[in-house]
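# Geometric and topological summary
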Amino acid sequence: MTREHIAPDGHGVSGSSKNVINLSAPDTPYPQRFVPPPAILNHAVNSLASSYPKESAKHLLTRFQGAVGAAFLMLCALAAMLWPIAAFITFNAITAFYFTLVIVFRFWLLVLGWREKIEGAPLHILHDEDLPVITILLPLDRDAAALPLLAQHVDKIDYPESKKDVKLLLEEDDWETINEAIKLGLAQRYHLIVIPPCEPRTKPKACNVGLQLARGSLIVIYDAEDQPQQDQLRKAAAAFHGRDKSLACVQARLNYYNRDDNWLTRLFTLEYSLWFDWLLPALQKMSAPIPLGGTSNFFRTATLKTVGGWDPYNVTEDADLGLRLARLGYRVEVIGSTTFEEANCKTRNWLRQRSRWLKGYMQTWLVHMRSSQKIIAATGLRGFLAVQLFVAGNVFSALINPVMWSVFVFWALWSPSALHTLLPAPLMWLNLFALATGNFLFILTMAIGPLKRGWRELAPYALTAPAYWLLSSLAAYKALWQAVFRPHYWEKTDHVISAAARERRDAALAAHFSDEPTYDRRQPHITGCECSCRKALSENERARQCVHHSRPSR
């Protein structure tokens, strides 16, 4: 099932000549950079919402969803007033049963993905002349500190340079990162695309701009902190080679290089290992929709344009796109290559990131329940249930877990007589079973998660997983509030905050500036830069000065 091709409005870009952007040398005070015309920007923001409004999260609820939701809440309120005890018991029983199903389903996915290997040999060995052009999108916003390391790893990818079409997508008011890109000389080998400020200020909006300018037949996104394995592009190209057009995307695995920083990074690594090494391959095996990760996804460019690109109003745009592809009859596969990232080592930063992810999962579920019959038609009842238990269940379990713990503690410590009326013995035992089973299986799956990579030393930390789950619950309630009051707000995740990331960044700068610079690194390179630019660049500037002064004299 496919759609008619969506072409850019007015000034749409097609053909190779218009995709080559002439950029100036890094010593030019006012660098020539490509600013998308209004037609391209308008298409990036509004194309999906205007052409297929039911598939966009621009409005959290459609009129029909709003009416059904209001009617449901009124019925619940009426039942609570007329039959308060019966209503509470019914709600509690349904909640406990669903909570148990969510965790059991996750454990079943782990069993299903047991034999799936992490590293797999490519299906084909392609010669350089047979490799397709791949467009690499690098959407950044206030990521000057991360740029040296990202550029180093993109440059190290083993792929013919003539077939790497790199688009550096920057915000026009982000002088810090623009300045850093010029100082690193990236304008000489990347396409520097500067996006004018407009709402929503999200990564998928920037990627939609890059999609219209893409020269490659395949397209991939890398985030600011990404370090893909050097053969990843070759493996992705091989995965598509000779395959039918129904294969729309291949997802590389994600994991962390600073897993031993602290408790938070260890638990984050356990979670990512479980997610990308076990659960997503299991969803692929059962032909269920796969909520893609936010990076290292390779798409057929033509297919991506056909389905409308990314939704700029959804803050987990790739999870949404994974479900949309499944609904339209396309397939997603997980390949044997890993992109390593910097795990969040600071709690507040982690909460910002996690609340955005959970808010995006709420948006994604609401959007795709508008056409739930299409999910059933494309993936069967099994795929539909997987969406309910994996996508919705991921949010619901985080929301309900602290409630169940609170009821249990209240019952265990005080056990008031009124509670026996609301929670008769069978229901109380159901709650205890759900709570115990849920947390036990959560610990067990987290402990098994890192074993495929041989990281056995991380497994004991799974015993502390309930505390990590409660932290996720805090993020879930924040996400719920934002879904109502700030649905399209993109909570920025800070990068290069760990010691491991700073060391790697400094090493990347040392390698890049091994020769004497041709400009004064102490001054902003773009005139008109505000004072905030100097502050934001100070850490990289200090690193450069250390590199400069530590060189032996010649």
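None of these values were measured; they are calculated from a predicted model. (Residues numbered from 1 in each chain as written. Predicted model: local features only at pLDDT ≥ 70, side-chain atom pairs only at ≥ 80, totals over all residues. Heavy atoms only, no water.)

Helix packing for two helices is described by the angle between their axes and how far apart those axes are. One can describe the packing of helix α3 (residues 84-112) onto helix α14 (residues 425-448) by two numbers: an axis separation of 9 Å at closest approach and a directional angle of 20°. Judged by the angle between their axes, α3 and α14 are roughly parallel. α3 and α14 meet at a crossing whose hand is left-handed. For the contact of α3 with α14, the residue count by class is 17 nonpolar, six polar and one charged. (Axes fitted to C-alpha atoms, helices over the stretch in contact; angles between N-to-C directions. Helix = DSSP H or I, 4+ residues; strand = E, 2+ residues; numbered from the N terminus. Parallel < 35°, antiparallel > 145°, perpendicular 65-115°, else oblique. Left-handed = near helix turned anticlockwise from the far one by under 90°. Nonpolar A, V, L, I, M, F, W, Y, C, P; charged D, E, K, R; others polar.)

Tallied over the entire structure, the rule returns 18 aromatic pairs. When the centroid spacing of 6.3 Å and the interplanar angle of 75° are considered together, the rings of Phe268 and Trp350 count as edge-to-face. On the criterion of sequence distance, the pair formed by Phe268 in helix α8 (residues 263-285) and Trp350 in helix α11 (residues 347-368) is long-range, its members being 82 residues apart. Judged by its relative accessible area of 1%, Phe268 falls in the buried class. Ring centres of Tyr272 and Trp357 lie 6.2 Å apart, and the angle between their planes is 20°; on these two criteria the pair is classed as stacked. Placement of Tyr272 in helix α8 and of Trp357 in helix α11 is noted, with a sequence separation of 85 residues between them. In this pair, the class of Tyr272 matches that of Trp357, namely buried. Cluster of aromatic residues (ring-pair linked, three or more members): Tyr256, Trp263, Phe268, Tyr272, Phe276, Trp350, Trp357 and Tyr468. Residue placement shows Arg259 over the ring face of Trp455; its charged tip is 3.8 Å from the ring centre. A cation over a ring is seen here: Lys452 above Trp278, with NZ or CZ 4.3 Å from the ring centre. (Phe/Tyr/Trp six-rings, centres within 6.5 Å; stacked < 30°, edge-to-face > 60°. Buried < 20%, exposed > 50% of the residue type's maximum accessible area, 1.4 Å probe, protein only. Lys NZ or Arg CZ within 6 Å of the ring centre and 35° of its normal.)

This paragraph deals with the side chain of Thr202. Along the chain, the position of Thr202 falls in the loop between β3 (191-195) and α6 (203-212). Given the relative accessible area of 4%, Thr202 is considered buried. Among the polar contacts listed, one links the side chain of Thr202 to the backbone oxygen of Pro312, at a separation of 2.8 Å. Setting aside residues no more than four positions away along its own chain, Thr202 makes contact with Pro312, His488 and Trp490. (Polar contact = N/O pair within 3.5 Å; in protein donor to acceptor, adjacent residues only side chain to side chain. Contact = heavy atoms within 4.5 Å.)

For the rest of this paragraph, the subject is the pattern of salt bridges. Summed over all chains, the structure comprises 26 salt bridges. A salt bridge links Asp260 to Arg266, with the shortest nitrogen-to-oxygen separation between them at 4.0 Å. Taking relative accessible area as the criterion, Asp260 reaches 44% and is therefore assigned partly exposed. Between Arg352 and Asp494 there is a salt bridge, with its nearest N and O atoms 3.0 Å apart. Within this pair, whereas Arg352 is found in helix α11, its partner Asp494 is found in the loop between α15 (465-485) and α16 (499-512), the two being separated by 142 residues in sequence. For Arg352, a relative accessible area of 24% translates into the label partly exposed. Residue Asp494 is classed as partly exposed on the basis of its relative accessible area, which comes to 38%. Each of Glu55, Asp320, Arg324 and Arg327 takes part in a single network of salt bridges with overlapping partners. (Salt bridge = Lys/Arg side-chain N within 4 Å of Asp/Glu carboxyl O.)

With respect to the element layout, Leu218 can be found in strand β4 (residues 218-221). What makes Leu218 buried here is its relative accessible area of 4%. Once the C-alpha coordinates of Leu218 and Ala236 are considered, the two residues, 18 residues apart in sequence, prove to be 9.0 Å apart. Non-local contacts of Leu218, meaning those with residues more than four positions away in its chain, are made with Pro132, Val133, Ile134, Thr135, Ala237, Phe240, Phe299, Arg300 and Thr301.

This brings us to the sheet that holds strand β6 (residues 247-256). Taken in spatial order, the eight strands make up an open sheet running β3-β2-β1-β4-β7-β6-β8-β5, and their pairing is mixed. Two strands lie at the open edges of the sheet, namely β3 and β5 (227-228), each paired on one side alone. Sheet topology note: the β4/strand β7 (residues 297-300) ladder contains three bridges and is antiparallel. Counterpart to Ile219 in the pairing with β7 is Phe299. Against the sheet, helix α10 (residues 317-327) makes contact with β4, β6, β7 and β8 (331-341), and its axis sits at roughly 45° relative to β7, the strand it touches most. (Pairing = 2+ DSSP bridges.)

In this section: unusual backbone geometry. In this structure, the amide linkage connecting Glu199 to the following residue, Pro200, adopts the cis form with an omega of -5°. Position of Pro200 among the secondary structure elements: in the loop between β3 and α6. Here Arg142, not a glycine, exhibits a phi torsion of approximately 55°, which is positive. Relative to the assigned elements, Arg142 resides in the loop between β1 (134-139) and α4 (147-156). On the accessibility criterion, Arg142 (52% relative accessible area) is exposed. Even without being glycine, Ser296 reaches a positive phi, approximately 60°. Tracing the backbone through its elements, the reader meets Ser296 in the loop between α8 and β7. On the basis of relative accessibility, which here comes to 0%, the residue Ser296 falls in the buried class.

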